[in-house]
Amino acid sequence: MTMTSPTKVSELGVPARSAHRAPKRASRFKPGAGQQLKGGPFAYIALAVVGIGSLLPLYWTLVAASHTQDEVLATTPPFLPGGRLFHNLEAAWTQAHLGKAIVNSVIVAGCITAATLFFCTLAGYAFAKMRFRGRNALMTGVVLTLTIPPQLSVVPLFMMMADLGWGGNLESVIFPTLVSAFGVFFMRQYLSEALPYELIEAAKIDGASNFRIVLSVVLPVARPAMMVLGMLTFVQAWNDFFWPYLALNQQNPTLQVALGQLSASYTPDTSIVMAGALISTLPLLVVFVIFGKQIVGGIMSGAVKG
């Protein structure tokens with residue numbers, strides 16, 4: 001039996017495999033999984049503009065807090081920090097009794113954040129993975145509460161706190177906000193995608209109780225979303241002014257209420273008010289510096305699937 005060479009085969013009209021291959025189509029993506037995309041000059045310029053715009057209010061607060069009121073309200077305001085920063089900080093600290101106000105804000109924001117993470121994670125897990133009668137109707141009711149303006153509940157809530165004897169105490173600010181409808185909806189949406197039923201079924205086969213499943217399966221999976229929800233809840237509780245202003249008194253205020261009293265005089269000193277605002281901002285910056293990596297990681301893990 002004679003072997004036919006590739007050249008002879010081509011002469012017989014059969015295309016040879018090694019003759020000519022169709023050129024490969026150029027790929028729009030560079031090879032290698034997980035490569036970071038590099039932005040062009042326009043992306044860096046846009047990021048620089050957004051970053052400067054975000055830092056500008058904080059910088060102006062620092063500048064205003066380090067000058068006198070006359071210099072701040074001048075026709076040409078200063079653009080560089082002055083030398084009265086520590087003097088204004090001390091004045092704001094003394095006039096508004098910010099020491100006690102900061103302690104109260106830490107207690108209120110910490111309790112609200114811890115309770116919101118606990119209850120919202122449990123409720124989100126129940127709505128996402130447990131099957132029970134009326135689950136969708138209850139979830140719809142939770143979401144509908146977000147459409148109710150909080151001002152409508154001020155009068156009955158104030159009467160309820162007065163009946164419980166909590167008027168002027170921190171309990172009147174903490175207990176009405178131990179759980180949030182947004183937190184339940186947020187955790188439900190995250191766990192419905194991130195927590196597969198197979199993990200729960202495997203834990204049940206191994207004999208794990210519901211408490212053990214939540215502790216060993218649900219919480220590790222929900223940790224990224226809990227970091228994001230915790231940040232949002234802490235910032236909201238720290239900056240809340242409306243309800244603490246109504247529920248507390250001048251002898252037991254939170255930080256925002258104390259700052260409101262600082263600027264409530266007939267002729268408030270703008271530089272001292274800005275110094276107080278700078279003091280109220282520093283704890284949030286510290287929290288973000290400490291937990292910033294975990295918070296950004298939680299946001300990215302919720303945004304990237306697969």
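For the structure given in this document, a descriptive report is provided here.

Here is what the cut-offs are and how they apply
Residues numbered from 1 in each chain as written. Predicted model: local features only at pLDDT ≥ 70, side-chain atom pairs only at ≥ 80, totals over all residues. Heavy atoms only, no water. Patch = residues over 30% accessible without salt bridge, like charges linked within 9 Å, V, L, I, M, F, W, Y side chains within 5 Å. Areas by Shrake-Rupley, 256 points an atom, 1.4 Å probe, with all protein chains shown as cover. Salt bridge = Lys/Arg side-chain N within 4 Å of Asp/Glu carboxyl O. Helix = DSSP H or I, 4+ residues; strand = E, 2+ residues; numbered from the N terminus. Buried < 20%, exposed > 50% of the residue type's maximum accessible area, 1.4 Å probe, protein only. Core = buried A, V, L, I, M, F, W, Y, C linked by side-chain atoms within 4.5 Å. Contact = heavy atoms within 4.5 Å. Axes fitted to C-alpha atoms, helices over the stretch in contact; angles between N-to-C directions. Left-handed = near helix turned anticlockwise from the far one by under 90°. Parallel < 35°, antiparallel > 145°, perpendicular 65-115°, else oblique. Nonpolar A, V, L, I, M, F, W, Y, C, P; charged D, E, K, R; others polar. Phe/Tyr/Trp six-rings, centres within 6.5 Å; stacked < 30°, edge-to-face > 60°.

1. Notes on a nonpolar patch on the surface
- On the surface, V143, L146, F182, F185 and L232 cluster together into a nonpolar patch covering about 390 Å² of accessible area.
- Looking at where L232 falls in the secondary structure, it is placed in helix 11 (residues 210-239).
- The class for L232 is partly exposed, based on a relative accessible area of 38%.

2. A closer look at the nonpolar core
- Counting 32 residues, the largest nonpolar core has L98 and W238 as the members making the most contacts within it.
- Looking at this core, the elements with two or more residues in it are helix 4 (85-95), helix 5 (98-129), helix 7 (154-163), helix 8 (171-174), helix 11, helix 12 (242-247), helix 13 (255-262) and helix 14 (270-303).
- At six residues, helix 5 tops the list of elements feeding residues into this core.
- Not counting residues up to four positions away in its chain, the partners in contact with W238 are I102, S105, V106, A109, L255, Q256, S280, P283 and L284.
- By size, the runner-up hydrophobic cluster in this structure holds 21 residues, among which are F127, A128, M139 and I213.

3. Let's talk about the packing of helix 9 (residues 181-194) against helix 11
- One way to put it is that helix 9 packs onto helix 11 with a least axis distance of 10 Å and a crossing angle of 145 degrees. Judged by the twist between their axes, the crossing of helix 9 over helix 11 is right-handed. Contacts from F182, G183, F186, M187, Y190, L191 and A194 of helix 9 reach helix 11 at V218, V221, A222, P224, A225, M226, V228, L229 and L232.

4. Some words on the packing of helix 6 (residues 135-144) against helix 9
- Interaxial distance between helix 6 and helix 9 falls to 8 Å at its minimum, and their mutual angle equals 130 degrees. Taken together, the axes of helix 6 and helix 9 are oblique relative to one another. When you trace helix 6 past helix 9, the crossing you get is left-handed. Counting all contacts with helix 6, which are made through M139, V142 and V143, the residues of helix 9 involved are A181, V184, F185 and R188.
- Here the residues of the contact of helix 6 with helix 9 sort into six nonpolar, no polar and one charged.

5. Describing unusual backbone geometry
- If you check the backbone angles, H97 has positive phi at about 50 degrees while not being a glycine.
- Residue position: H97 is located in the loop between helix 4 and helix 5.
- Relative accessible area serves as the criterion here: at 58%, H97 is assigned to the exposed category.

6. Some points on the packing of aromatic side chains
- A complete count under the given rule lists six aromatic pairs for this structure.
- Pairing F127 with F132 gives two aromatic rings, centres 6.2 Å apart and planes at 50 degrees, and the pair type is tilted.
- For F127, a relative accessible area of 11% gives the class buried.
- Pairing F241 with Y245 gives two aromatic rings, centres 5.1 Å apart and planes at 25 degrees, and the pair type is stacked.
- Given the relative accessible area of 34%, F241 is considered partly exposed.
- Residue class for Y245 comes out partly exposed when judged on its relative accessible area of 49%.

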